[in-house]
Amino acid sequence: MNSIEIYCLVYHNYTALDLIGPADFLGRIPNSALHYVSPNGGRIRSGAGFVMETEACPPLPAGSVLLVPGGMGTRTLVSGNAFLQMLAARVREAKWCLSVCTGSALLAAAGCLDGHSATSNKKAFGWASSFGSGVDWKAAARWVADGKFYTSSGVAAGMDMALGFIADQYGENLARQIANDTEYAHQTDAEQDDFAALHGLGKF
């Protein structure tokens, strides 16, 4: 099996669990290689104060996976033209693009989700869905898969999305094994959203 290159794109004030949960699962795909990147490289601090060293995000090789977490840092980046242009270019190069929480707002603001269905954090759904007039926003969904894009609801939903992606692309047996090895209770139904109703967005 060829190596699977996974690029985790972070920025200041991202949400650590948006990144670490899905990255841990994706890194368990056989022959996968994780790369932690940011727009300019260097030390990046999460909203919880977790600091990591990153490389400047390069052009992505064919067959790669791009993971975009959410977090409060998205509130300024949705207006950052240079960042959005870079993001759009990296999305075009990737075979698959996965976003967690308000990471989908970045994709929408960059014009990447036009013509696609997507979801986002339910607490911030009104804000996130204000970007991308051509996006079919799904208010009640644990995650949404549409074409090359997988978008998830808030924070912990990213782990369910990552396992859903693994099940779709690498087989349910591998996804089940990863969930079992990490003692994680995987929600396998993408449409089962137990949190949408808490914010008046749908039924349990």
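Residues numbered from 1 in each chain as written. Predicted model: local features only at pLDDT ≥ 70, side-chain atom pairs only at ≥ 80, totals over all residues. Heavy atoms only, no water.

(A) Broad picture of the pattern of salt bridges. If you walk through the whole model with that rule in mind, you get 7 salt bridges. Across the pair lysine 138 and aspartate 136 runs a salt bridge whose closest N-O atoms are separated by 3.1 Å. The partly exposed category is assigned to aspartate 136, whose relative accessible area is 37%. Between glutamate 172 and arginine 176 there is a salt bridge, with its nearest N and O atoms 3.9 Å apart. With glutamate 172 and arginine 176 both in helix H7 (residues 172-181) and 4 residues apart, the pair spans about one turn of that helix. Given a relative accessible area of 54%, glutamate 172 falls into the exposed group. (Salt bridge = Lys/Arg side-chain N within 4 Å of Asp/Glu carboxyl O. Buried < 20%, exposed > 50% of the residue type's maximum accessible area, 1.4 Å probe, protein only. Helix = DSSP H or I, 4+ residues; strand = E, 2+ residues; numbered from the N terminus.)

(B) Highlighting the state of the cysteines. Per the counting criterion, the structure on display carries 0 disulfides. As a non-bridged cysteine, cysteine 57 has cysteine 8 as the owner of its nearest cysteine sulfur, 10 Å distant. Cysteine 97 takes part in no disulfide bond, and the closest cysteine sulfur to it belongs to cysteine 112, at a distance of 6.8 Å. Cysteine 97 sits in the buried class, given a relative accessible area of 0%. (Disulfide = S-S within 2.5 Å.)

(C) How the structure looks around the side chain of lysine 122. Its place among the elements puts lysine 122 in the loop between strand S7 (117-118) and helix H5 (125-128). Here lysine 122 falls in the buried class, since its relative accessible area comes to 4%. Of the polar contacts made by the side chain of lysine 122, one reaches the backbone oxygen of alanine 139; its length is 3.5 Å. Here the side chain of lysine 122 touches alanine 141 through a polar contact of 2.8 Å, landing on its backbone oxygen. Setting aside residues no more than four positions away along its own chain, lysine 122 makes contact with Lys138, Ala139, Ala141, Ser153, Asp193, Phe195, Ala196, His199 and Leu201. (Polar contact = N/O pair within 3.5 Å; in protein donor to acceptor, adjacent residues only side chain to side chain. Contact = heavy atoms within 4.5 Å.)

(D) Representation of the sheet that holds strand S9 (residues 143-146) within the structure. Sheet architecture is open: 8 strands sit in the order S3-S4-S2-S1-S5-S6-S10-S9, paired in mixed fashion. Each edge of the sheet is formed by a strand with only one pairing partner; in this case those strands are strand S3 (42-45) and S9. Sheet twist, expressed as the mean angle between neighbouring strand axes with direction ignored, is 30 degrees. When strand S5 (residues 65-68) meets strand S6 (residues 96-99), the two strands line up parallel, connected through 4 bridges. Residue pairing across strands places valine 65 opposite tryptophan 96, the latter belonging to S6. Sheet strands touched by helix H6 (residues 157-170): strand S1 (4-9), S5, S6, S9 and strand S10 (149-152). Its angle to S10, the strand with the most contacts, is close to 155 degrees. (Pairing = 2+ DSSP bridges. Axes fitted to C-alpha atoms, helices over the stretch in contact; angles between N-to-C directions.)

(E) Layout of the nonpolar core. Membership of the largest hydrophobic core comes to 65 residues, with the highest contact counts inside it found for Leu26, Leu66, Leu87, Leu98, Leu107 and Ile166. The dominant element in this core, judged by the number of residues it contributes, is H6, at 7 residues. (Core = buried A, V, L, I, M, F, W, Y, C linked by side-chain atoms within 4.5 Å.)

(F) Spotlight on the UniProt feature "domain: DJ-1/PfpI" (unreviewed entry) in the chain. On the UniProt side, "domain: DJ-1/PfpI" (unreviewed entry) is annotated at positions that read residues 6-166 here. Within the segment residues 6-166, helix and strand shares are 30% and 25% respectively, and the terminal C-alpha atoms sit 13 Å apart. (UniProt positions renumbered as here; feature names shortened; annotations may be inferred.)

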